[in-house]
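Coordinate inspection notes
Next come the chains, spelled out residue by residue.
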Amino acid sequence: QGIRLADYRPPDFLIDSVDLDISLHRSKTRVVSRLAIRRNPKGRPGAELTLDGDGLVLRRLLLDGASVAAEATPDALTLHATPDAPFVLEIETEVDPAANTQLSGLYRSGSAYCTQCEAEGFRRITYFLDRPDVLSVFTTRIEADVAEAPVLLGNGNRIDAGALEGGRHFALWRDPFPKPSYLFALVGGDLSHISERFATRSGRMVDLAIYVEHGKEKYASYAMDSLIRSMRWDEEVFGREYDLDVFNIVAVSDFNMGAMENKGLNIFNDKYVLASPETATDGDYAGVESVIAHEYFHNWTGNRITCRDWFQLCLKEGLTVFRDQEFSADQRSRAVKRISDVRGLRLQQFPEDAGPLAHSVRPNIYHEINNFYTATVYEKGAEIIRMLKTLIGADDFAKGMTLYFDRFDGTAATIEDFLSCFAEASGRDLSQFSLWYEQAGTPLVTVESDYDAAAKRLTLSFEQSTPATPGQSEKKPFVIPLALGLIGENGDEIPLVSREAGAQECERGLIELTTQKRVVAFENVGSHPVVSLLRGFSAPVRLAPPQAAEDLQRLLAHDSDPFNRWQAAQSLALRSIFARIEAARGGPAAEADGPFFDALGRLVEAPERDPSLVAQALSLPSDIDIAREIGRDVDPDVIFSARSGLRRDLGRRLSAALADARARLVPAEGFSPDAGSAGRRALRNAALDLIAAGDPGQGGALAERQFGEATNMTDRLAALSTLSLLPGEAREAAFEAFYARYAGDHLVLDKWFALQSTIPEAETTKRVAQLMEHKDFSLANPNRVRAVVGAFANGNPTRFHALDGSGYDLLASVVLELDPKNPQLAARLLSALRSWRSLEERRRKLAEATLRRVLAAPALSADVSDIATRALG
Ligand code: ARG
Ligand code: ZN
């Protein structure tokens, strides 16, 4: 079974308006819902009405004020007969927020009531047509104890509020924009807030507020600043204005995901709201900025235009990720942003696409939709939008977006609807392009280059192939935009001259590979060129074969594309690591790294270089990157020692230059989270890390000093992270001091937990088990579980994949203990095993046995059994 895209049918009924009356009580919250229902002219005539539920208890049911026969189970409410004319259904249910540990529906986080309805949480509050293509106008009356919940927030604008008897009060909220139930939200609690006013371009005054726990107001100002910049940017770049009189954000500490774009009332994991120099790293600041932007941008791409069904999830998510990436690129360094986005894509999405959980960006079947909020839907979805813009050009892309907003505003749309706007705006047939949504798997593009010095001609032969993925054995060729340039012997960019059909495309440095093979020749190439291929990572593909070391050196030194300069450093590092692995296996001695190290040294020494780009070049591919490049029979121990060897040698070779760079980059007085300052900190800390890799004594002393003297979390955590790799008393003392200093701040404690979980030492597995006994550990808090168990399973490959199976056992026991409480989170943790097939045999067998053991456990949730089943494939 499973739910299939091919089975989509319009709803048989529509719900024009919803009147909710919700009386909040910790364990007995009464929900009265009045639904104005009518038959959908596009539905099946005579169909019966079935509303979705999940764990509900029906208290009362009236149809047009009179009692009515119905069949109610926790999961559904069915009326076998309904009037032909529109009618009002009044439904009363009772729910228990305090017992809701799934964090879906109405639950409690700390002392506050809050909701999470995407994807199917609204049905845990009341019976409803809980599907995104049913759009209704919501009016919500919320009632609560004044003492417990002085703040009552809903979607839209507040139209009334007042005191009631018995210490209760109410607020009435009305959202004029029809929306699907997944965008419903309410919050009730004793919260503080900060506020600002924002004037939209057309003069609407909007009250902005961010609600946080008492005492946390001062940590919300960067989020507010990010919100205001996002609102301005969306007006300027996409022509999108905000549409209500208020925009509220609430930060809660128990949240399954990052945040949620509920109309006018975004609810956030507080990790993406709260930031101060003393508690947040530069990475955290960047995270706040991008998630605030992401949720705000959803107001148009997600809320005003929503999804017809959950198969279209990438319609809002891929597009909105693209928008938030562009926003951050404009606010910061575009090159650094692109590099970190591609790092993330390769770290998360490529392994997903290469393993048993691979699925297309628009899946065509699911068993549990929550398992499809994936790197593929989000990040690869964003790459598709980026390619679209590259292929049709910025102007036609902008025209297409405008057409999309004009044509589909107020509707629940599909990928076909979206693409039709760009086909129309550009005059291009996008049917082949749409394969990016249909076919899973990362394409491999091989490039052979042949230079004829006498004819001054460079011939490039491209070929694409895409590996089989579950349910898709044969793949058709994709449309792959390959941005490229040629670098001559003296480092100059060689002008592109081509006699091809479509020469214009080639000459502006963009090859469209639309067939399995294509040959392109460039003329007047006077000196032996190096091809800078896939500039800016113009398509989510892998390239082969690896380029020669001298060619990569030339790109690292001279490429005008900053992404490919970084890529050249990564590729050189990978070459070195592969050679070390071969040498360790008794193969030929590793080639000398001297030229590579010297090239990095020149970057470190060049004061004119952007420090953040230099820091990126110094940060070697991670163990997981390396494992992915190896692809099969992966042995994490072998990777770890090769990578450690490279870090040690690099640190030794560059120690003087790194120390100089640190001296040159002494921090300015005061803290600013801006990209320039963050970049200087990043390079100083990358230097610290490599110095310690080369000389643990010297680096340890530097790190200890920095740990003690740091005036911000970026520097303090970087020092602790360097120390965490150096066993001994200094490290343990630093962890203790850190705990003592930040024991009251749960977000900082998450860092303390996570860093310990990733120590690559044999004792860590025991340490993790002990951390789970710590008084500050709780399975009820998703951030804490991710900090301890998620960090261990995804960020500590040698321990997680330990040959005695202890790492897998630890994961399995947490997954099984968590599953009855929070299946979404349990399933997410289990997907750490998604690449098990690429492991070497002993680990592969252990991992497979672990998945089978989980799958055999009684009363497994749909979420976990879906992941385990597909992973075993
Ligand atoms: N739409 C949210 C976002 O991307 C994600 C919410 C997903 N929640 C879930 N339980 N599946 O911003
Ligand atoms: Zn989103």
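Residues numbered from 1 in each chain as written. Chains lettered and ligands numbered in written order. Predicted model: local features only at pLDDT ≥ 70, side-chain atom pairs only at ≥ 80, totals over all residues.

Side note on the overall build of the protein chain
Per the secondary structure count, the protein chain includes 28 helices and 32 strands. On C-alpha atoms alone, the protein chain measures out to a radius of gyration of 28 Å, which is about the 29 Å that the 2.2 N^0.38 rule sets for 873 residues. Across its three principal axes, the protein chain shows a C-alpha extent of roughly 90 × 70 × 60 Å. Sorting the 873 residues of the protein chain into buried and exposed places 50% on the buried side. For the protein chain, the share of sequence-separated contacts (at least 6 apart) that also reach a separation of at least 24 residues comes to 70%. (Helix = DSSP H or I, 4+ residues; strand = E, 2+ residues; numbered from the N terminus. Rg over C-alpha atoms; globule rule 2.2 N^0.38 Å. Buried ≥ 20, exposed ≤ 12 C-beta atoms within 10 Å, placed from the backbone. Contact = placed C-beta atoms within 7 Å.)

Some remarks on the sheet that holds strand β20 (residues 259-260)
Taken together, the 5 strands give an open sheet; going across it, the order is β17-β18-β19-β21-β20, and neighbouring strands pair in mixed fashion. Each edge of the open sheet carries a strand with a single partner, namely β17 (192-199) and β20. Here 8 bridges tie β17 to strand β18 (residues 205-212), and the two strands are oriented antiparallel to one another. By the bridge assignment for β18, R197 is matched with D207. (Pairing = 2+ DSSP bridges.)

A word on the environment of T376
Here T376 lies in helix α5 (residues 375-392). Spatially, the C-alpha atoms of T376 and D64 are 46 Å apart, while their sequence positions differ by 312 residues. Non-local contacts of T376, meaning those with residues more than four positions away in its chain, are made with Q349, E352, D353, H359 and V361.

Things to note about the packing of helix α12 (residues 594-605) against helix α16 (residues 655-664)
Between α12 and α16, the shortest axis-to-axis distance is 9 Å and the interhelical angle comes to 15°. Classified by the angle between their axes, α12 and α16 sit roughly parallel to one another. Considering the relative orientation of α12 and α16, their crossing is left-handed. Of the residues in α16, those touching α12 at G601, V604 and E605 are A657, L658 and A661. A class-by-class count of the residues in the contact of α12 with α16 yields 4 nonpolar, 1 polar and 1 charged. (Axes fitted to C-alpha atoms, helices over the stretch in contact; angles between N-to-C directions. Parallel < 35°, antiparallel > 145°, perpendicular 65-115°, else oblique. Left-handed = near helix turned anticlockwise from the far one by under 90°. Nonpolar A, V, L, I, M, F, W, Y, C, P; charged D, E, K, R; others polar.)

Brief notes about the UniProt feature "domain: Aminopeptidase N-like N-terminal" (unreviewed entry) in the protein chain
Under the present numbering, the feature "domain: Aminopeptidase N-like N-terminal" (unreviewed entry) in UniProt falls on residues 89-183. The straight-line gap between the two end C-alpha atoms of residues 89-183 is 21 Å; of that span, 0% is helix and 53% is strand. (UniProt positions renumbered as here; feature names shortened; annotations may be inferred.)

As for the sheet that holds strand β7 (residues 71-73)
Think of a sheet as strands paired side by side through backbone hydrogen bonds, with each pair either parallel or antiparallel. Pairing is antiparallel across the open sheet formed by 3 strands, whose spatial order is β4-β8-β7. The open sheet has two edge strands with one neighbour each: β4 (49-52) and β7. Shown here is a sheet whose adjacent strand axes are inclined to one another by a mean of 10°, direction ignored. The sheet contact formed by β7 and strand β8 (residues 76-79) spans 3 bridges and is antiparallel. Residue pairing in the sheet places T73 in a bridge with A76 of β8.

Here we look at the pairing of strand β19 (residues 246-252)
A large share of β19 lies buried, amounting to 6 of its 7 residues. Direction of pairing for β18 relative to β19: parallel, over a ladder of 5 bridges. In the sheet register, I210 faces β19, and the bridge partner there is I249. Taken together, β18, helix α1 (residues 221-238) and β19 form a β-α-β motif whose crossover is left-handed. Pairing of β19 with strand β21 (residues 265-269) involves 5 bridges; the strand directions are parallel. Bridging across to β21, N248 finds its partner in L265. (Right-handed = clockwise from strand over helix to strand, strands pointing away.)

Points about the UniProt feature "domain: Peptidase M1 alanyl aminopeptidase C-terminal" (unreviewed entry) in the protein chain
What UniProt calls "domain: Peptidase M1 alanyl aminopeptidase C-terminal" (unreviewed entry) maps, in this numbering, to residues 550-872. Helix makes up 72% of residues 550-872 and strand 0%, with an end-to-end C-alpha separation of 43 Å.

Brief notes about helix α22 (residues 764-771)
Of the residues making up α22, those classed as buried are T764, T765, V768 and L771. When α22 is viewed along its axis, its buried side chains cluster within an angular range of 115° and face the same direction. Opposite its buried face, α22 presents the exposed residues K766 and Q770, each directed more than 90 degrees away. (Arc of directions from axis to C-beta.)

Observations regarding the site of ligand 1
In the vicinity of ligand 1, 14 residues are found, and the nearest of them are E118, M257, M260, N370 and Y373. Taken together, the elements giving at least two residues each to the shell around ligand 1 come down to β20 and α2 (282-297). (Near = placed C-beta within 6 Å.)

Examining the nonpolar core
The biggest cluster of nonpolar side chains holds 250 residues, and the ones touching the most others in it are V273 and L830. Sequence-distant contacts of L830, defined by excluding residues within four places in its chain, comprise V815, V854, V864, I867 and A868. (Core = buried A, V, L, I, M, F, W, Y, C linked by C-beta atoms within 7 Å.)

Details of the packing of helix α3 (residues 313-331) against α5
Two elements in contact, α3 and α5, have axes whose closest approach is 7 Å; the angle formed by their N-to-C orientations is 70°. When the axes of α3 and α5 are compared, the pair comes out roughly perpendicular. On α5, the residues touching L313, C314, E317, G318, L319, V321, F322 and Q325 of α3 are V377, Y378, E379, G381, A382, I384, I385 and R386. Residue classes in the contact of α3 with α5 are distributed as 10 nonpolar, 3 polar and 3 charged.

Details of the environment of A703
When you line up the elements, A703 lands in helix α18 (residues 696-709). A703 sits in the buried class, given 28 other C-beta atoms within 10 Å. On a C-alpha basis, the gap between A703 and C117 in space is 45 Å, while along the polypeptide they are 586 residues apart.

Examining unusual backbone geometry
Excluding glycine, residues mostly carry a negative phi; peptide bonds, for their part, are mostly trans. Put simply, E118 and A119 share a cis peptide bond, and its omega is 0°. Tracing the sequence through the fold places A119 in the loop between β11 (112-116) and β12 (136-145). Even without being glycine, D633 reaches a positive phi, approximately 50°. Inspection of the secondary structure puts D633 in the loop between α14 (623-630) and α15 (636-653).

Focus on the confidence of the model for the protein chain
Looking at the protein chain as a whole, its pLDDT mean stands at 97, while 100% of the residues score no less than 70. Two summary scores accompany this predicted model of the complex, namely pTM at 0.99 and ipTM at 0.98. (pLDDT = per-residue confidence, 0-100.)

A few points about the pairing of strand β10 (residues 105-109)
When you tally the buried positions in β10, you get 5 out of 5 residues, the bulk of the element. In terms of strand pairing, β10 meets β11 through 5 bridges, oriented antiparallel. Paired with R108 across the strands is Y113, a residue of β11. Counted between consecutive antiparallel strands, the loop separating β10 from β11 contains 2 residues, among which G110 sits at a positive phi close to 60°.

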